[in-house]
Amino acid sequence: MAIIDTEAALHEAHRDNHTHRDVNGGWLRPAVFGAMDGLVSNLALMTGVAGGSVGQQTIVLTGLAGLAAGAFSMAAGEYTSVASQRELVEAELDVERRELRKHPQDEEDELAALYVARGVEPELAREVARQLSRDPEQALEIHAREELGIDPGDLPSPLVAAVSSFGSFALGALLPLLPYLLGATALWPAVLLALAGLFGCGAVVAKVTARTWWYSGLRQLALGGAAAGVTYALGSLFGTAVG
């Protein structure tokens, strides 16, 4: 009985610890990319304009324009990109569906050959393929996973990608604007807040990746700081030349 209880406990522990995060939901990539892009692009835009020795009002208007334009552009781009990808996948699924309807035996043999190539004994592979091919929708799902590497029931949503991208970009782009909106008259508070935001975003991203929080945070901090420094230098150079 003790052995049985131990095995049951191990099984329970395995089940509790063997869960995976959603990696195909279609929201994480645009949300992360949107937040980083909003922070870096608006910080760089504002520092570039500030380098040209313009007034505070011009910097704020530039930041607001960058926020609005960037958020709508990101959302439109993500929606179009994900929708196009989804339409391509659905077109390929239609091709596979027609093949399953017109040439069911050939598709069954193809599935068996895939399992044989993975080390399954030929007789067992044929039997597995035969049983899986009884249900057309299940057969389509299996073929899509094996041949196309996709799950027909878990395709990314264009709307989710667009909304995630829009919201995260707007939040990221708002960060360097906040000090000015709260009454700051110098650039350095906006830069410090934006750089802190970049480090924080990088650290948060590390929670869903294999990277350490400090490495991911420093990487984003370095990239964003470099972009801001370059654009400020360019703004100073061209601002002096124009002036």
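The rules behind these values
- Residues numbered from 1 in each chain as written.
- Predicted model: local features only at pLDDT ≥ 70, side-chain atom pairs only at ≥ 80, totals over all residues.
- Heavy atoms only, no water.
- UniProt positions renumbered as here; feature names shortened; annotations may be inferred.
- Helix = DSSP H or I, 4+ residues; strand = E, 2+ residues; numbered from the N terminus.
- Buried < 20%, exposed > 50% of the residue type's maximum accessible area, 1.4 Å probe, protein only.
- Contact = heavy atoms within 4.5 Å.
- Salt bridge = Lys/Arg side-chain N within 4 Å of Asp/Glu carboxyl O.
- Core = buried A, V, L, I, M, F, W, Y, C linked by side-chain atoms within 4.5 Å.
- 1 Å grid on protein atoms, 1.4 Å probe; cavity = no way out; pocket = protein on both sides within 12 Å on 5 of 7 lines; lining within 4 Å.
- Points joined across faces, edges and corners; volume = space filled by probe spheres on them.
- Axes fitted to C-alpha atoms, helices over the stretch in contact; angles between N-to-C directions.
- Parallel < 35°, antiparallel > 145°, perpendicular 65-115°, else oblique.
- Left-handed = near helix turned anticlockwise from the far one by under 90°.
- Nonpolar A, V, L, I, M, F, W, Y, C, P; charged D, E, K, R; others polar.

The name given to the protein in an unreviewed UniProt entry is VIT1/CCC1 transporter family protein, with the source organism recorded as Streptomyces sp. 900105245. What UniProt states about the protein under its Subcellular location (unreviewed entry) heading is, verbatim, "Endomembrane system".

Asker: What's the story with the overall build of the protein in this structure? I'm lost.
Answerer: Helices and strands together make up the secondary structure of the protein, namely ten helices and zero strands. Put simply, the protein runs from its N terminus to its C terminus through helices and strands in the order α-α-α-α-α-α-α-α-α-α. Counting all 243 residues of the protein, 32% fall into the buried class. Sequence separation of at least 24 residues holds for 70% of the intrachain contacts in the protein that already meet a minimum separation of 6.

Asker: Can you walk me through the pattern of salt bridges in this structure?
Answerer: For side chains bearing opposite charge, pairing can occur when the charged atoms are close. Taken as a whole, this structure holds six salt bridges when the rule is applied. We note a salt bridge from Asp94 to Arg97, for which the minimum N-O separation is 2.8 Å. Taken as a pair, Asp94 and Arg97 lie in helix α3 (residues 56–102) at a separation of three residues, close to a single helical turn. For Asp94, a relative accessible area of 37% translates into the label partly exposed. Arg145 is the salt-bridge partner of Asp151, the closest N and O atoms lying 3.2 Å from each other. Judged by relative accessible area, which is 40%, Arg145 ranks as partly exposed. Salt bridges sharing common partners tie together Glu141, Arg145 and Asp151.

Asker: Sorry, what's going on with the environment of Ala144 here?
Answerer: Relative to the assigned elements, Ala144 resides in helix α6 (residues 136–148). In the structure, Ala144 is positioned 52 residues away from Glu92 in sequence and 8.7 Å away in space, judged by C-alpha atoms. Setting aside its immediate chain neighbours within four residues, Ala144 contacts Leu93, Gly149, Ile150 and Pro152.

Asker: In this structure, what is going on with the nonpolar core? I would like to understand it.
Answerer: The nonpolar side chains of soluble globular proteins are, as a tendency, buried together. Residues Met46, Ile59, Leu67, Phe169, Leu177 and Tyr180 are the most contacted members of the largest nonpolar core, which totals 14 residues. Breaking this core down by element, the ones donating at least two residues are α2 (28–51), α3 and α7 (158–174). In terms of residue count, α3 provides more of this core than any other element does, five residues in total. For Phe169, the contacting residues outside a window of four places in its chain are Gly34, Ala35, Asp37, Gly38, Ser41, Gly66, Leu67, Gly70, Ala71 and Met74. Within the second largest apolar cluster, eight residues are counted, among which are Val89, Leu93, Leu140 and Ala144.

Asker: What exactly am I supposed to notice about the layout of surface pockets here?
Answerer: Vacant regions in the atomic arrangement are exposed by a probe of water-molecule size rolled over the atoms. Volume-wise, the second largest pocket comes out at about 170 Å³. Along the walls of the second largest pocket sit 13 residues, with Leu100, Arg101, Ser133, Pro136 and Ala139 positioned nearest its centre. Every element with two or more residues in the lining of the second largest pocket is listed here: α3, α4 (104–117) and α6.

Asker: Sorry if this is basic, but what is going on with the packing of α2 against helix α9 (residues 188–205) here?
Answerer: Relative placement of two packed helices is described by the angle separating their axes and the distance separating the axes. The interhelical angle for the contact between α2 and α9, taken along N-to-C directions, is 160 degrees, at an axis separation of 10 Å. By the angle between their axes, α2 is roughly antiparallel relative to α9. Like other packed secondary-structure pairs, α2 and α9 cross with a definite hand, here left-handed. Across the interface between the two elements, Val32, Met36, Leu39, Val40, Leu43 and Thr47 of α2 pack against Ala190, Val191, Ala194, Leu195, Gly197, Leu198, Cys201, Gly202 and Val205 of α9. A breakdown of the residues in the contact of α2 with α9 according to their chemical character gives twelve nonpolar, three polar and no charged.

Asker: So what exactly am I meant to see when it comes to unusual backbone geometry here?
Answerer: For residues besides glycine, phi is generally negative; the peptide bonds are generally trans as well. Not every positive phi belongs to a glycine, and Ser53 is a case in point at roughly 60 degrees. Within the fold, Ser53 resides in the loop between α2 and α3.

Asker: Explanation requested: the UniProt feature "transmembrane region" (unreviewed entry) in the protein in the structure shown.
Answerer: Following the UniProt record, one finds the feature "transmembrane region" (unreviewed entry) at residues 159–181, 187–209 and 221–242. For residues 159–181, the helix share is 87%, the strand share is 0%, and the end-to-end C-alpha distance is 31 Å.

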